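The lines below spell out each chain.
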Amino acid sequence: VTSLERGFEKADLEAELDHLRRERSELAGASSRTAREAVVFAEVTEPGSVFPLRYLVNNAGWEPSYNMRAGDSRDEMVLEYLASVRQTTGEDWPDVRMTLSTATPSLVAQAPELSGVEVALMDSAPPPPPPPAAAPGMVMEPQMDMVEEDLDGQLRALEERRRVSGVQEGAAFFGAGLGGGVVAPDAYGVDLAGLDLQLNTLNVQRQGLEFRYGRRAGEAAPEDLRRRTDRDEVLTVTYELEGRASLPSRADRQLVRISEDPLEAEFSRVAIPALTSHVYEEADVSNGLGRLLLAGPANSYLNGEFVGRSDLPTVTTGERFKAGFGIDAALRASRTLMDRSESVQGGNRVVEMRYQLTLSNFGGEAKTVRLMDSLPMPKRGDDIRVSLLETSHALVSEPDELRGDGPADQDARLRWDVDVPAGAHGEDAVKVEFRYTMAYDRQKEIATSAAGR
């Protein structure tokens, strides 16, 4: 017997041993299950009356996941909406009707107690002057701005902690004909007075900053709070599943289908050579299902073959979203700096850049590719002007001149829809060129960072 054969035999025995250990663990768990008895006092009008019994159990929950499928025709996408259910309650659920919900019952029924904010006089240095181009009332120092945002974040975190204080993660709500997935609270041992004291302490600190420095003009709440309220708290959904299901109590997750529906989709191939040489297939899809799609992982299948994984964002009814369908192996893209020149015009330095984008098709079928690039985006407040001079191919939309004093939503992206013939590679590859200039103070240099307004 060779050492290689002994290695294979050892691996097989270890796999069998792991399987037996899992079986022993499940049998041990089944033998220690807890039986519960509900004692109910009810006034009934006639014998044989039936009433629903609702109760909470722990260690159950669910997460959304998806399978996205498209065929060779690429005229639609089939979206399979699944629930990945964790059911380790110790109770089997045989042949039950199930409702999945994202609702989180609030533990605390009463509002926090508001304390007054006391003010007093103290010696202090003169307040700092407002920034040169500040909007009316915008006198907050940048460091105070950051401190205030930190306090806002602490307040929101504490507010959420108070709302679900004492929650035992993974609790589920059940009743007659109901199955779970709802994170639910365990309402004992909540120190409301202590939490309210912390809330009021943070409120005093925040108002102290507001009294002294003001607040950024036009901001009723930080952007991330508005986004969280819009997406995460308001959009509570419930899915009543068709038919019945059986879910035993076990350690591994179990998949339950919520729905499977065809959706209209517009397919395209997308090349972004500044980021990758691969060309990806992508579908622009509209959620016409009449219900919310929750954020979750998605598996993509094209022509029956698995092509990759992605993350689906939360998608409201009627909203459009992108669905990825992997790499088109027949296509490649590249980006090359062809030339850079520099001149001085008056007090400005003018830098001209010329790039070449190349699309190669090694397959036997002509394809249309959405080719993407971008112009540099001047930082707000900096006197930089970016102008597109020319492109060798027509753009889908012409960008305006980009300026540091321009609107915050100006778009620096460039998009071409390019036909790439079959076998077009090497000298026959499709080449797209574009030129632009950057004009700025000749006494300064260009620094780069991630775009942000």
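These lines cover the structure that appears in this document, whether it is placed above or below. (Residues numbered from 1 in each chain as written. Predicted model: local features only at pLDDT ≥ 70, side-chain atom pairs only at ≥ 80, totals over all residues. Heavy atoms only, no water.)

1. Observations concerning the overall build of the protein chain
If you tally the helices and strands in the protein chain, you get four helices and 19 strands. Expressed as a percentage of the 453 residues in the protein chain, the buried residues total 33%. In the protein chain, 74% of the contacts between residues at least 6 apart in sequence involve partners at least 24 apart. For the protein chain, the exposed surface amounts to about 28100 Å²; the carbon and sulfur share of it is 51%. (Helix = DSSP H or I, 4+ residues; strand = E, 2+ residues; numbered from the N terminus. Buried < 20%, exposed > 50% of the residue type's maximum accessible area, 1.4 Å probe, protein only. Contact = heavy atoms within 4.5 Å. Areas by Shrake-Rupley, 256 points an atom, 1.4 Å probe, with all protein chains shown as cover.)

2. Some thoughts on the packing of aromatic side chains
In this description, a pair of aromatic rings is defined by centroid distance and the angle of the planes. Considering all chains together, one arrives at nine aromatic pairs under this definition. Ring centres of Trp62 and Tyr239 lie 6.2 Å apart, and the angle between their planes is 80 degrees; on these two criteria the pair is classed as edge-to-face. Taken as a pair, Trp62 in strand E2 (residues 60-70) and Tyr239 in strand E7 (residues 238-240) lie far apart in primary sequence, 177 residues in all. The residues Trp62 and Tyr239 share a single accessibility class, namely buried. Note on Trp416 and Phe434: the rings are 5.6 Å apart at their centroids and 40 degrees apart in plane angle, and the pair reads as tilted. (Phe/Tyr/Trp six-rings, centres within 6.5 Å; stacked < 30°, edge-to-face > 60°.)

3. Considerations on the nonpolar core
Generally speaking, a soluble globular protein has its nonpolar side chains buried in company with each other. One finds Met77, Tyr239, Leu293, Phe321 and Phe325 to be the most contacted residues of the largest nonpolar core, which totals 35 residues. Listing elements by their share of this core, those giving two or more residues are E2, strand E3 (76-87), strand E9 (254-271), strand E10 (278-286), strand E11 (296-302) and strand E13 (320-345). For Met77, the residues in contact, after removing those within four places along its chain, are Met68, Arg69, Asp261, Pro262, Leu263, Ala265, Val285, Phe321, Ala323 and Phe325. Leu359, Val369, Leu402 and Leu414 belong to the second-largest nonpolar core, a separate cluster that totals 28 residues. (Core = buried A, V, L, I, M, F, W, Y, C linked by side-chain atoms within 4.5 Å.)

4. Looking at the environment of Glu401
Tracing the backbone shows Glu401 in the loop between strand E16 (385-391) and strand E17 (402-403). In sequence terms Glu401 and Leu388 are 13 residues apart; their C-alpha atoms lie 7.3 Å from each other. The contacts of Glu401, once residues within four sequence positions are left out, are Arg385, Val386, Ser387 and Gln410. Among the polar contacts made by the side chain of Glu401, one reaches the side chain of Arg385 at a distance of 3.5 Å. (Polar contact = N/O pair within 3.5 Å; in protein donor to acceptor, adjacent residues only side chain to side chain.)

5. Let's talk about the pairing of strand E12 (residues 305-312)
One ladder, built from seven bridges, connects E11 with E12; its direction is antiparallel. Across the sheet, Tyr301 pairs through a bridge with Phe306, a residue of E12. Taken together, E11 and the strand that follows it, E12, pair antiparallel across an intervening segment of two residues, in which Asn303 is found at a positive phi of about 55 degrees. (Pairing = 2+ DSSP bridges.)

6. Topic: unusual backbone geometry
The phi dihedral of Arg74 falls on the positive side, at around 55 degrees, and the residue is not glycine. One non-glycine residue, Asn303, lies in the positive phi region at around 55 degrees. You can call Asn303 partly exposed: its relative accessible area is 42%.

7. So, the pairing of E10
The pairing of E9 with E10 spans seven bridges and is classified as antiparallel. From the neighbouring strand, Val270 faces E10, where its bridge partner is Tyr280. If you look at the hairpin formed by E9 and E10, you'll find six residues sitting between the two strands. As judged from the seven bridges shared by E10 and E13, these two strands associate in the antiparallel manner. Across the sheet, His278 pairs through a bridge with Arg332, a residue of E13.

8. Quick notes on a nonpolar patch on the surface
A cluster of nonpolar side chains, namely Val40, Phe51, Leu53 and Tyr55, defines an oily patch on the protein surface of about 350 Å² accessible area. In this fold, Tyr55 is placed in strand E1 (residues 55-57). (Patch = residues over 30% accessible without salt bridge, like charges linked within 9 Å, V, L, I, M, F, W, Y side chains within 5 Å. Salt bridge = Lys/Arg side-chain N within 4 Å of Asp/Glu carboxyl O.)

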